[in-house]
Amino acid sequence: MTKRPIFASLLLLSSALVAPAALAQAVGSEPAADAPPVATDAPAPTDAPAPDEVPAEEEADISIPGGADAEIVVTGRYTPNIVRATPEVVSVLSSADIARTGEGDIAGSLQRVTGLSVVGGGFVYVRGLGDRYSLALLNGSPLPSPEPLKRVVPLDIFPSNVIDSTLVQKSYSANFPGEFGGGVINLTTKSIPRESFLTLSGGIGWDSETTNQLGYTYYGSDTDWTGFDDGTRDVPPLLKAAFASGKPILEGADFTQGDLEAIQMELVNAETTLLQQNNNIPVNWSAGLTGGLNIPLADGELGIIATAGISNKWRTRDTLQQTSLNQDLSGDPQTSYNRVITDNRVVVNGLLGFGLELGDHKFRWTNLYIRDTLKQSRLGLGTDRNQSERDILKQDTAWYERQLINTQLVAELDFDRLQVDLRGAYANSQREAPYERGFTYVRTNLPTTQDPTGDKFVNDLGGNRGDATIAFSDLNEDLWSGGVDLSYELAPQITATVGYAYTDTSRTAVRRAFQFRAPGLPVAVQQLRPDFLLSDASIQLYDIALVETSAQDGTAAFDAGLTTHAGYAQLQAEIVSGMNVNVGVRYEDGKQTVVPIDLFGTGGSAIAQTNLKNDYWLPAVTLTWEVAPDMQVRMNASNTIARPQFRELIAQIYQDPESNRQFRGNPSLTDSELWNAELRYEWYFAKDQRLTAAGFFKKIENPIEAYTSLSTDSVANTSFANAPKALLYGGEIEVQKYFALDTLSDSTFWASRRLVLIGNYTFTKSEIQVGAGDTTVINGVVQDARNFFFDGAPLTGQSDHLINFQIGLEDQDKLSQQTILVTYASPRVTSRGPSGQPDIREKPGISVDFVARQGINLLNKEIELKFEARNLTGRKYQEVQESGDNRIFLNRYKLGRTFSLSASLKF
């Protein structure tokens, strides 16, 4: 088969919504082996059955901490369902739920939650609202992002083995940060183990579009397979000194041609430029080690947990990428490329946690390290009507390092009726992209003595027949956060909470870009492959120059910062029998800045600065009414905000390796303000089983939307603008039901097995509102908003329909699960179309997965085997513009079917 061209306190779900063991017991299952003991000295939920309906052994009290800033104290009697017990609208993925999906990262597991979808490599959309409207927390503390384009962290960098449980809260409460448009996602890392243990794991995987198929790669360094470069890609000394000089690197008063040639000859050449065809791309593999230690103390216990893991995966995409200049998309595309992209992604992770329980007090210190490295090779062949429709060959090699380090300290102090939560955290994220190299060759009919036909690809280095570029970029972000919460039980059914939270985020990003130029380069030299074209001999013989282009389109570097101070007050009470209210208000002050850095001492930048300083009062109320012993109705109303993300504010070109598209920010963006309302019905008809239905509505002022424009060379560039207004509304339904199978047969095989049915459906509709007189500001210029937005168009990222369905068999006495998982998302807009063209839409389609888990005991050792089969429907990825019968594919490729087998051994 020819498929490709062949060329050369929600603080810790134990300190912020629910301890893992409390969660396990709340849903009526046995606590996990590594879960802490359940506290039994706090108030219990109000929606439990009447005293005569609860066995004596279940008349325990529990405490459900909740929210980023405080513990939600649920008063009343014990109920065996944590989702029901909380005073807000939540979904909880326990470690068992995560394991059932079989996903290797948390983003994959979250797409099974009602109303959630995952877009663009790990960014979670809640009820159709983009990732900027969602808040991601780790053990209740905010996280920095290693993504240049985002301030939110991509959740696909969190391996499942370091996360114990995940909570999604969709209704706002005042103890959360104000940036809560769609919801909050709190990841809880593993906690104090109940007993000491050691687990080894490993696995291999196969991708039908990648494994043992044709792909492309380049050498790089000896240690690339680990995700760590061995120093090959370090910035060479001469270039580092030139960076520090504060001068643009080009020939003139500061650098001679000799200086530039010396800098070029220090650059690593063949190892980073020579693309190699590989007809047998390797298999995917992973390995991990997790251990826990429990040390009993006189008045408590000390727990230590550590985990380390590595995964190495390959993915090849045979893409079609097109653009058009015509509003109706008629005629041949302006550009059309078939491009093969091979990614080698290595994720290394480690977690070290300490937990101390002394009497009623708990202390926790958690340290997390994640390194996500992408080695990418791209080779494309296509046409550009700007280039007289001649064949154009594009080659790119890149190395992207993303790294997250997080350390957190939490104290939960219990003084009977007074609860005190203290927390502090520091997180650092980095992204380095050294040696981003690109080469463009153009087919020419110019004859040479060696080739009279002249039918060759040439690169004249910066003329009108090709070019060569290199870039070095670096991003560093630091995030300090802290807070204190005080909860006091005023009366048996009334608890008041006050709290303060602080965050300080600072980001610096630098991108130094260069072009190699050589006027009058002989045609025979133009035909050389990239490493020969830029060899030391070529540089010296033909006076190849290095010209810095860093600030030609935007700014080369910027500083960004966001500082918030917030205080809140919240009251949770049973106002009458069976009716509870959680009401609060938050005051939040935020100052956000994005400032271009004057790297070259020119006295300033033409790029506008951003200085947003706003404060908000954000009220929230949720009313929960128990209409029957097993039914309740919730009503929620709130005001929230959404701030622009750093990268959306800075006018600096950024190449996204996932979409192969360029992005550029808009420094004139402003905050979005949201009004939210929800009505929800919940029926808990049996243990661990439920039916829920909800309707929701959001009104958004100044929503931030992505739009696309075409540059003079027909490259699709995406930027951002505030639309005037938008509405979003919809509904969702979820059901979870188990059927015992012991009646099917007298066989012992069926005696402890049950059928699992879990399904949810979300309908969402949104519309941008824009009319005559509405304006938007682009890079300081006020423009007619109708030039960028269509009235009634949907918000970017919003699918009208989301469906998730799971059907499986599981054994209740031992580990044995077989699950089929079906996911469907209807088409969604990824960006507004350029120059009045139709919007760009992604068509996710339907995906079917199968996961089987089986536990066995061998030589008195516990072994878990897992088999996964993903994307059994073989769906494609499609980003497309459509006008009548005319169609332009901005990005289209097959998503491979993947199969993997893994095992873990517990000592």
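As shown above, the structure is provided for reference.
Draft legend 1. Expanded view of the pattern of salt bridges. Applying the stated rule across the entire model yields 39 salt bridges. For Arg371, the salt bridge goes to Glu401, with nearest N and O atoms at 3.3 Å. You can see Arg371 sitting in strand E14 (residues 361-384) and its partner Glu401 sitting in strand E15 (residues 391-415), a full 30 residues away along the chain. A residue is classified by how much of its surface remains accessible, and Arg371, at 7% relative accessible area, is buried. In this structure, Glu682 and Arg634 form a salt bridge, with 2.8 Å as the shortest nitrogen-oxygen distance.

Draft legend 2. A look at the sheet that holds strand E7 (residues 183-189). Read across the open sheet, the five strands follow the order E1-E6-E7-E4-E5; overall the sheet is mixed. Each end of this open sheet is capped by a strand with a single partner; those strands are strand E1 (90-93) and strand E5 (141-142).

Draft legend 3. Geometry of a nonpolar patch on the surface. Together, Leu293, Ile295, Leu297, Leu358 and Phe363 line one region of the surface with nonpolar side chains, adding up to about 360 Å² of accessible area. The leading source of residues in the nonpolar patch is strand E11 (residues 284-297), at three residues. Structurally, the position occupied by Phe363 is in strand E14. Relative accessible area serves as the criterion here: at 32%, Phe363 is assigned to the partly exposed category.

Draft legend 4. Structural view of the pairing of E15. Within E15, 19 of the 25 residues are buried, which leaves the element mostly enclosed by the surrounding structure. The pairing of E14 with E15 spans 22 bridges and is classified as antiparallel. Residue pairing for E15: Gly382 is matched across the bridge by Ile392. Direction of pairing for E15 relative to strand E16 (residues 418-444): antiparallel, over a ladder of 21 bridges. Note on E16: the bridge partner recorded for Thr397 is Arg437.

Draft legend 5. Expanded view of the nonpolar core. Within the largest apolar cluster, 31 residues are counted, with the highest numbers of intra-cluster contacts made by Ile249, Leu461 and Phe516. Among the elements of the structure, helix H6 (237-244), helix H7 (257-266), E16, strand E18 (467-491) and strand E19 (494-517) are those that each provide at least two residues to this core. Non-local contacts of Leu461, meaning those with residues more than four positions away in its chain, are made with Gly466, Asp467, Ala468, Phe516, Arg517, Ala518, Leu521, Leu533, Leu534 and Ile544. Counting residues in hydrophobic clusters, the runner-up holds 18 residues, among them Tyr707, Ile778, Ala785 and Leu795.

Draft legend 6. Representation of the pairing of strand E33 (residues 775-778) in the model. Of the two faces of E33, only the one carrying Thr776 and Ile778 is buried; Thr775 and Val777 on the other face are not. By the bridge criterion, four bridges tie E33 to strand E34 (residues 781-784) in an arrangement that is antiparallel. Note on E34: the bridge partner recorded for Ile778 is Val781.

Draft legend 7. Region of the structure containing a negative patch on the surface. Where like charges cluster on the molecular surface, the negative patch consists of Asp222, Asp230, Asp234, Glu432 and Asp474. By the secondary structure assignment, Glu432 is in strand E16. What makes Glu432 partly exposed here is its relative accessible area of 31%.

Draft legend 8. Up close: the environment of Ala174. Mapped onto the secondary structure, Ala174 falls in the loop between strand E6 (163-169) and E7. Classification of Ala174 by relative accessible area gives buried; the value is 1%. C-alpha separation for the pair Ala174 and Asn582, spaced 408 residues apart in sequence, amounts to 9.4 Å. Dropping the residues within four chain positions of it, Ala174 is found in contact with Tyr568, Ala569, Gln570, Gly584, Val585, Arg586 and Ala620.

Draft legend 9. Representation of the side chain of Gln257. Mapped onto the elements, Gln257 comes out in helix H7. Among the residues examined, Gln257 registers a relative accessible area of 15% and is labelled buried. Here Ile544 takes part through its backbone oxygen, which lies 3.0 Å from a polar atom of the side chain of Gln257. Sequence-distant contacts of Gln257, defined by excluding residues within four places in its chain, comprise Glu251, Asp543, Ile544 and Ala545.

Draft legend 10. Summary view of the packing of aromatic side chains. In total, this model carries 18 aromatic pairs according to the counting rule given. Ring centres of Tyr707 and Phe788 lie 5.0 Å apart, and the angle between their planes is 70°; on these two criteria the pair is classed as edge-to-face. Residue Tyr707 is located in strand E29 (residues 704-710), and its partner Phe788 is located in the loop between E34 and strand E35 (801-811); the two are separated by 81 residues in the primary sequence. Owing to a relative accessible area of 10%, Tyr707 belongs among the buried residues under this scheme. For Phe788, a relative accessible area of 16% gives the class buried.

Calculation rules
The numbering scheme is per chain: residues are counted from 1 as the chain's sequence reads. Given that this is a predicted model, residues contribute local features only at a pLDDT of at least 70 and side-chain atom pairs are listed and counted only at 80 or more, while totals for whole chains, interfaces and linings are drawn from all residues. Hydrogens and water molecules were not included; the side-chain quantities draw on all heavy atoms of the structure. The term salt bridge refers to a side-chain nitrogen of Lys or Arg lying within 4 Å of a carboxyl oxygen of Asp or Glu. Secondary structure elements follow DSSP: runs of H or I of four or more residues count as helices, runs of E of two or more count as strands, with numbering from the N terminus. Partly exposed residues are those whose accessible area sits between 20% and 50% of the maximum for their type, while under 20% is buried and over 50% is exposed, using a 1.4 Å probe and protein chains only. Strand pairing is assigned whenever DSSP detects at least two bridges linking the two strands. For patch detection, residues must exceed 30% relative accessible area and be free of salt bridges, and they are connected within 9 Å for like charges or within 5 Å for nonpolar side chains (Val, Leu, Ile, Met, Phe, Trp, Tyr). Each accessible area value is a Shrake-Rupley result obtained with a 1.4 Å probe; residue values ignore everything except the protein chains displayed when judging cover. In this text, buried Ala, Val, Leu, Ile, Met, Phe, Trp, Tyr and Cys residues form a nonpolar core when linked through side-chain atoms within 4.5 Å. Contacts were defined at the residue level, with two residues in contact if any of their heavy atoms lie within 4.5 Å. A residue counts as positive if it is Lys or Arg and as negative if it is Asp or Glu; His and the chain ends are not included. Taken as the charge location is NZ of Lys, CZ of Arg, CG of Asp or CD of Glu. Here a polar contact is taken to be a pair of N or O atoms separated by no more than 3.5 Å, where protein atoms must pair a possible hydrogen donor with a possible acceptor and residues adjacent in sequence count only if both atoms sit in side chains. To pair, rings of Phe, Tyr and Trp, with the six-membered ring standing in for Trp, must have centres within 6.5 Å; the planes then decide the type, stacked if under 30 degrees apart, edge-to-face if over 60, and tilted in the middle.

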